[in-house]
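Structural overview for review
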Amino acid sequence: MWRFFWKWSIGLCAPLVIVIGLGGRSEAASFDKIASDKISVYISRSTGRFYIESSDLLTYSEGREGEPTSRAMVYVLDKVYTLGDPNAPVTRRRTEGTGPAAVHRVEYKTGSFFVEQVIRLSRSDTGDIDTVAVQYEMIHNGPAPSTAGLRLLLDTYLGGNDGAPFRVPGVGNVDREA
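Reading the values: rules and limits
- Sequence order sets the numbering: in each chain, residues are counted from 1 along the sequence as written.
- Note on the predicted model: pLDDT of at least 70 is required for a residue's local features to be given, and 80 or more for side-chain atom pairs to be given and counted; whole-chain, interface and lining totals, by contrast, use all residues.
- Side-chain calculation: all heavy atoms of the structure are included, whereas hydrogens and water are not.
- The definition of a nonpolar core used throughout is a set of buried Ala, Val, Leu, Ile, Met, Phe, Trp, Tyr and Cys residues joined through side-chain atoms within 4.5 Å.
- Whether a residue is buried, partly exposed or exposed follows from its accessible area with a 1.4 Å probe, protein chains only, as a fraction of its type maximum: under 20%, in between, or over 50%, in that order.
- Going along the chain from the N terminus, every DSSP run of H or I of four or more residues is numbered as a helix, and every run of E of two or more is numbered as a strand.
- Pairs of residues are marked as contacts when any of their non-hydrogen atoms sit within 4.5 Å.
- Here, any two strands with at least 2 DSSP bridges between them count as paired.
- In this analysis an axis means a line fitted to C-alpha atoms, helices contributing only their contacting stretch, and an angle means the value between N-to-C directions, from 0 to 180 degrees.

**As for the nonpolar core**
In terms of nonpolar packing, the biggest core is built from 25 residues, with Val41, Phe50, Val74, Leu83, Ile119, Val132 and Tyr136 touching the most fellow members. Of all the secondary-structure elements, those providing two or more residues to this core are β4 (39–44), β5 (50–54), β6 (71–76), β9 (103–110), β10 (113–123), β11 (129–140) and β12 (148–153). Look past the residues within four positions of Ile119 in its chain and what remains in contact with it is Ile34, Val41, Ile43, Phe50, Ala102, Val103, His104, Val132, Ala133 and Val134.

**Brief notes about the sheet that holds β12**
Spatially, β7-β6-β12 is the arrangement adopted by the 3 strands of the open sheet, whose pairing is antiparallel. Looking at the sheet topology across the chains shown, the edges are occupied by β7 (79–82) and β12. Going from strand to strand, the sheet's axes swing by 20 degrees on average, the running direction of each strand aside. As paired elements, β6 and β12 share 6 bridges and run antiparallel to each other. In the strand pairing of β12, Met73 is matched with Arg151.

**Regarding the sheet that holds β5**
With antiparallel pairing, 3 strands are arranged side by side in an open sheet as β3-β4-β5. Two strands close off the open sheet at either side, each with one partner strand: β3 (31–35) and β5. Neighbour-to-neighbour, the strand axes of the sheet open up by a mean angle of 20 degrees, direction not taken into account.

**Quick word on the environment of Ser40**
Its location among the elements puts Ser40 in strand β4. Judged by its relative accessible area of 11%, Ser40 is buried. Ser40 has contacts with Lys33, Ile34, Ala35, Tyr51, Ile52 and Glu53, leaving out every residue within four places of it along the chain.

**A short note on the pairing of β4**
Here β4 lies mainly inside the structure; 6 of its 6 residues are buried. With burial as the criterion, each face of β4 is covered, one bearing Ile39, Val41 and Ile43 and the other bearing Ser40, Tyr42 and Ser44. Strand direction decides the pairing type here: β4 and β5, joined by 5 bridges, are antiparallel. Bridge assignment links Ser40 to a residue of β5, and that residue is Glu53. What sits between the antiparallel neighbours β4 and β5 is a turn of 5 residues, in which Gly48 has the positive phi angle 85 degrees.

Set out below in structure tokens:
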């Protein structure tokens with residue numbers, strides 16, 4: 001069994017507003033939510049894809065309501081599995097805890113790999129719970145070693161700026177594809 005770990009924390013630099021992925025409030029019933037008084041994460045119950053919005057609601061996106069635009073893909077040899085699609089379905093989802101201490105987990109099956117997405121809120125340098133940590137764990141259960149990778153696409157929308165940079169602790173501002 002092989003284990004791979006990826007972890008990102010995405011924070012807000014007050015007083016800025018950030019959305020990673022976009023979604024409509026009209027579909028709130030189809031999302032699980034974890035939130036603090038500063039930030040909320042909505043996770044699709046069917047796909048595990050997510051979007052984030054701040055508490056001041058300046059992140060509303062006209063004409064862009066619907067499924068979140070975060071998208072994670074697993075590459076195994078020459079195959080691509082988009083998490084939440086039919087070739088990499090959600091096999092289990094659960095929220096542990098309540099309020100800002102909640103941890104949301106989504107598990108997927110992709111060929112010989114199991115992938116778990118873990119989303120939680122955490123404190124930033126400001127001391128506020130205004131940061132989202134997204135972690136992926138891949139476990140390979142195949143009979144032989146395999147080459148694999150993970151790509152996470154995040155659509156940022158900051159105030160009126162679509163494609164705005166966001167801050168990754170330990171890395172700094174991210175303003176282009178890495």
